[in-house]
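Commentary on secondary and tertiary structure
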Amino acid sequence: MIWNEKMECADRDTMRSVQLEKLKKTVKHAYDNVSHYRNKMDEAGVKPEDIKSLDDITKLPFITKEDIAANYPTGLFAEPMKDIVRIHASSGTTGKPKIVGYTRNDLDLWGECVARGMTMAGASQESVVHVSYGYGLFTGGMGAHLGAETIGATVIPMSSGNTQKQITFLQDMKSDILCCTPSYALTIAEGVKKVGIKPEELNLSAGIFGAEPWTQSMRDKIEEGLGIRAYDIYGLSEIMGPGVSMSCEENAGMHVQEDYFYVEIIDPDTLEVLPDGEKGELVITTLGKEGMPMIRYRTRDICYLMRDKCACGRTTVRMSRVFGRTDDMLIIRGVNVFPSQVETVIAEFKELTMNYKLYVGRENNTDTFELAVELAEGLAIEDIAFVEALRGRIEHALRDMLGIGCKVKLLNEGTLPRSEGKAVRVEDTRNLG
């Protein structure tokens, strides 16, 4: 089923025409109402009337998270506060949050985008949608909630935490759609197994997971543990929240809602636009967002784009899963390391769970790098010979994947804290003095 066939299955000429009309309006709206955009465009020597084709978007300057911070809290708002009906903020843990303002039309736009994505996962007016994203300033909970209500489904606003209560509601309310972070989905799956519930005893059919990078191997474990089909959903608070793109049943990339978002991939070093299929940094321009338009926003997320028609029938451009973030990349002993690479290695070992943490430090002017990961249920670190052999295999696989050595510390199951939202996978103490 397709929620909005007119736009999700539009031919390329129709979509580009819609995008160009909205881009012109967005650029003029931002120029006329946001001094930061006006100043940056003036410095670049470009005016709204210079945007005559979609290709002209490259004339516009980028905006970054540093620009958002410099205009904290509401300097990038393009509408007066009397027309801002909702405030959200990023879930970042350092510095001040990124404040985002929504008009009533913005919320309608958001609900439409998430409804399209949820329909890809089989949600309908008959669905019971169990939302375990955090509610509050974080966009995850309210975004999923808004999309489900747009469809007309029943929503259970659980938020995150209290896993046993989550499982009780999943059973008793016969929820068929679960929305949460992939790391929390693993925690729920672990809890289901511990209380002796078989996946087929739940009514779940699909899970909509986002807010953090995850691998295909992690997807496989979630699907097995909960007996569901897992779908990716992507978004950022600064852009809108979840629903910018989402995967369909083909699991061949995430469909971007192109009539609301124009996407580019750039080389993060040269800032040149890259061709489809080439991995780089995702840049997004909002089309039609009123409260806080974003023009050529550098997301820092690494992916690539695909424009061939999907087997599901949708014609919108698809983005690959996010491989990592340019600002999450660790440089260890001169080598670029992404946590997702480590996760890929962990998933290859049936003796391990997906509960892990990376520790990066510095001793005697040399970087230290350690992986702490839990053994699977039924295995124990007391079996010294087994543990030492397994540790050696894991360290060898990590060196092959990363190109550098990583010390491995194996732990009994249940040792590491469980995630109730976004998992904190890295502790880097090199800059703490």
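Residues numbered from 1 in each chain as written. Predicted model: local features only at pLDDT ≥ 70, side-chain atom pairs only at ≥ 80, totals over all residues. Heavy atoms only, no water.

As recorded in an unreviewed UniProt entry, the chain goes by Phenylacetate-coenzyme A ligase and comes from Lentihominibacter faecis. Quoted verbatim from the Catalytic activity (unreviewed entry) field of UniProt, the annotation for the chain is "2-phenylacetate + ATP + CoA = phenylacetyl-CoA + AMP + diphosphate". (UniProt positions renumbered as here; feature names shortened; annotations may be inferred.)

1. With respect to the environment of Leu202
Checked against the element boundaries, Leu202 lands in the loop between helix 8 (182-194) and strand 6 (206-209). For Leu202, a relative accessible area of 9% puts it in the buried group. Separated by 65 residues in sequence, Leu202 and Asp267 place their C-alpha atoms 45 Å apart. For Leu202, the contacting residues outside a window of four places in its chain are Leu170, Gln171, Val192, Ile197 and Leu226. (Helix = DSSP H or I, 4+ residues; strand = E, 2+ residues; numbered from the N terminus. Buried < 20%, exposed > 50% of the residue type's maximum accessible area, 1.4 Å probe, protein only. Contact = heavy atoms within 4.5 Å.)

2. What about the sheet that holds strand 10 (residues 261-266)?
Taken together, the four strands give an open sheet; going across it, the order is 10-11-12-15, and neighbouring strands pair in antiparallel fashion. Of all strands in the sheet, those bounded by a partner on one side alone are strand 10 and strand 15 (324-325). Two elements, strand 10 and strand 11 (residues 280-286), share six bridges in a ladder whose sense is antiparallel. Note that in strand 11 the partner of Ile266 across the bridge is Glu281. (Pairing = 2+ DSSP bridges.)

3. Here's the deal with the UniProt feature "domain: AMP-dependent ligase C-terminal" (unreviewed entry) in the chain
Here the UniProt feature "domain: AMP-dependent ligase C-terminal" (unreviewed entry) sits at residues 334-430. From the first C-alpha to the last, residues 334-430 spans 14 Å; its make-up is 29% helix and 34% strand.

4. What about helix 11 (residues 384-402)?
Here helix 11 contains 19 residues, and its C-alpha end-to-end distance of 26 Å stays within 8% of the 27 Å for a straight helix at 1.5 Å per residue. Among the residues making up helix 11, those that are buried are Val387, Leu390, Arg391, Ile394, Ala397, Leu398 and Leu402. Buried residues of helix 11 fall within an arc of 135 degrees about the axis and therefore sit on the same side. Among the exposed residues of helix 11, those oriented more than 90 degrees off its buried face are Ala385, His396 and Asp400. Its buried side turned inward, helix 11 meets strand 17 (335-337), helix 10 (339-347), strand 18 (352-363), strand 19 (366-375) and strand 20 (407-411). Of the residues trailing helix 11, Gly403 is marked for its positive phi of about 85 degrees. (Expected span 1.5 Å × (residues − 1). Arc of directions from axis to C-beta.)

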